[in-house]
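Architecture at a glance
If you want the building blocks of each chain, they are given just below.
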Amino acid sequence: MHTRLQPPDWAPPKGYANGVAARGTLLFVGGQIGWNARQEFESDDFIVQARQTFLNVRAVLEAGGAGPEHLVRMTWYVVDREEYNARLKELGAAYREVLGKHFPAMACVQVAGLMEARARIEIEATAVLPD
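Described in the following lines is the structure provided in the data block. It should be emphasised that the depicted structure is a prediction, and the values quoted were computed from it without experimental measurement.

Some points on the overall build of the chain
- The helix and strand inventory of the chain stands at three helices and six strands.
- The secondary structure elements of the chain, listed N-terminal to C-terminal, are β-β-β-α-β-α-α-β-β.
- Computed over C-alpha atoms, the radius of gyration of the chain comes to 15 Å, within 12% of the 14 Å expected from 2.2 N^0.38 for 131 residues, which places it in the range of a compact globule.
- Its C-alpha atoms give the chain principal-axis dimensions of roughly 40 × 35 × 25 Å.
- Burial analysis of the chain (131 residues in total) assigns 41% to the buried set.

Shown next as structure tokens:
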């Protein structure tokens, strides 16, 4: 389906891939945040919002006939790098609960703020459905 790209002399990444090669139909998931289907935040907690964001990404993938196993790239935007790093264990557990053990190429960036003032995280993603 797709191949992880790992330079032979690099240490293996934890929770992401350094690169992915894939062929098929591309699905692009626009920036998803931690609100529910009614566009309402149920919590201001970072992990609760992250879990909802993962659910939202998965829902968009499913609408396109894909699943987490088709993810090849994700970009995460967080408003608090220190909170992100302090809660990595909880974040990883929420990720695996919703998206499984599918780790695409990822980037994570701290931003000054997101368009929705209560949002703590936003994720955009790319998936590839095999031919």
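Details of the sheet that holds strand S5 (residues 105–110)
- With respect to topology, four strands assemble into an open sheet ordered S3-S6-S4-S5, the strand pairing being mixed. Each having just a single partner strand, strand S3 (24–33) and S5 make up the two edges of the open sheet. Within this sheet the neighbouring strands show an average axis-to-axis angle of 10°, counted without direction.
- Two strands pair when backbone bridges link them, and strand S4 (residues 71–78) and S5 are joined in this way by six bridges, in the parallel orientation. Among the inter-strand pairings, Met-74 is bridged to a residue of S5, identified as Met-106.
- Across the sheet, helix H1 (residues 46–63) is in contact with S3, S4 and strand S6 (121–130); its angle to S3 comes to roughly 150°.

Looking at the nonpolar core
- Residues Phe-54, Met-74, Trp-76 and Leu-91 are the most contacted members of the largest nonpolar core, which totals 25 residues.
- Going through the elements one at a time, S3, H1, S4, helix H3 (88–99) and S6 are the ones with two or more residues in this core.
- Considering every element that reaches this core, the biggest residue donor is H1, with six residues.
- Excluding anything up to four places from it in sequence, Trp-76 contacts Phe-54, Tyr-84, Leu-91, Tyr-95, Met-106, Ala-107, Cys-108, Val-109, Ile-121, Glu-122 and Ile-123.
- Residues Phe-41, Val-111, Leu-114 and Ala-119 belong to the second largest nonpolar core, which totals six residues.

A look at unusual backbone geometry
- In this structure, Gln-39 takes a positive phi of about 60° despite not being glycine.
- Within the secondary structure, Gln-39 sits in the loop between S3 and H1.

Points about the packing of aromatic side chains
- Applying the stated criterion to the full structure yields six aromatic pairs.
- Look at Trp-35 and Phe-41: their rings are 5.6 Å apart centre to centre, the planes differ by 45°, and that puts the pair in the tilted class. Phe-41 matches Trp-35 in its accessibility class, with the two residues each being buried.
- In this structure an aromatic cluster arises from ring pairing among Phe-54, Trp-76, Tyr-84, Tyr-95 and Phe-103.

Focus: the layout of surface pockets
- Empty space within the largest pocket amounts to approximately 320 Å³.
- Lining of the largest pocket is provided by 14 residues; of these, Lys-14, Gly-15, Trp-76, Tyr-84 and Met-106 occupy positions nearest its centre.
- Per-element tally for the lining of the largest pocket: the top contributor is H3, with five residues.
- Counted by class, the lining of the largest pocket contains 10 nonpolar, two polar and two charged residues.

A closer look at the environment of Thr-53
- Mapping Thr-53 onto the fold places it in helix H1.
- The spatial distance from the C-alpha of Thr-53 to the C-alpha of Gly-67 is 15 Å, given a sequence separation of 14 residues.
- Contact partners of Thr-53, with chain neighbours within four places excluded, come to Gln-32, Ile-33, Gly-34, Ile-121 and Ile-123.
- Separated by 2.8 Å, the side chain of Thr-53 and the backbone oxygen of Gln-49 make a polar contact.

Calculation notes
- Residues numbered from 1 in each chain as written.
- Predicted model: local features only at pLDDT ≥ 70, side-chain atom pairs only at ≥ 80, totals over all residues.
- Heavy atoms only, no water.
- Helix = DSSP H or I, 4+ residues; strand = E, 2+ residues; numbered from the N terminus.
- Rg over C-alpha atoms; globule rule 2.2 N^0.38 Å.
- Buried < 20%, exposed > 50% of the residue type's maximum accessible area, 1.4 Å probe, protein only.
- Pairing = 2+ DSSP bridges.
- Axes fitted to C-alpha atoms, helices over the stretch in contact; angles between N-to-C directions.
- Contact = heavy atoms within 4.5 Å.
- Core = buried A, V, L, I, M, F, W, Y, C linked by side-chain atoms within 4.5 Å.
- Phe/Tyr/Trp six-rings, centres within 6.5 Å; stacked < 30°, edge-to-face > 60°.
- 1 Å grid on protein atoms, 1.4 Å probe; cavity = no way out; pocket = protein on both sides within 12 Å on 5 of 7 lines; lining within 4 Å.
- Points joined across faces, edges and corners; volume = space filled by probe spheres on them.
- Nonpolar A, V, L, I, M, F, W, Y, C, P; charged D, E, K, R; others polar.
- Polar contact = N/O pair within 3.5 Å; in protein donor to acceptor, adjacent residues only side chain to side chain.

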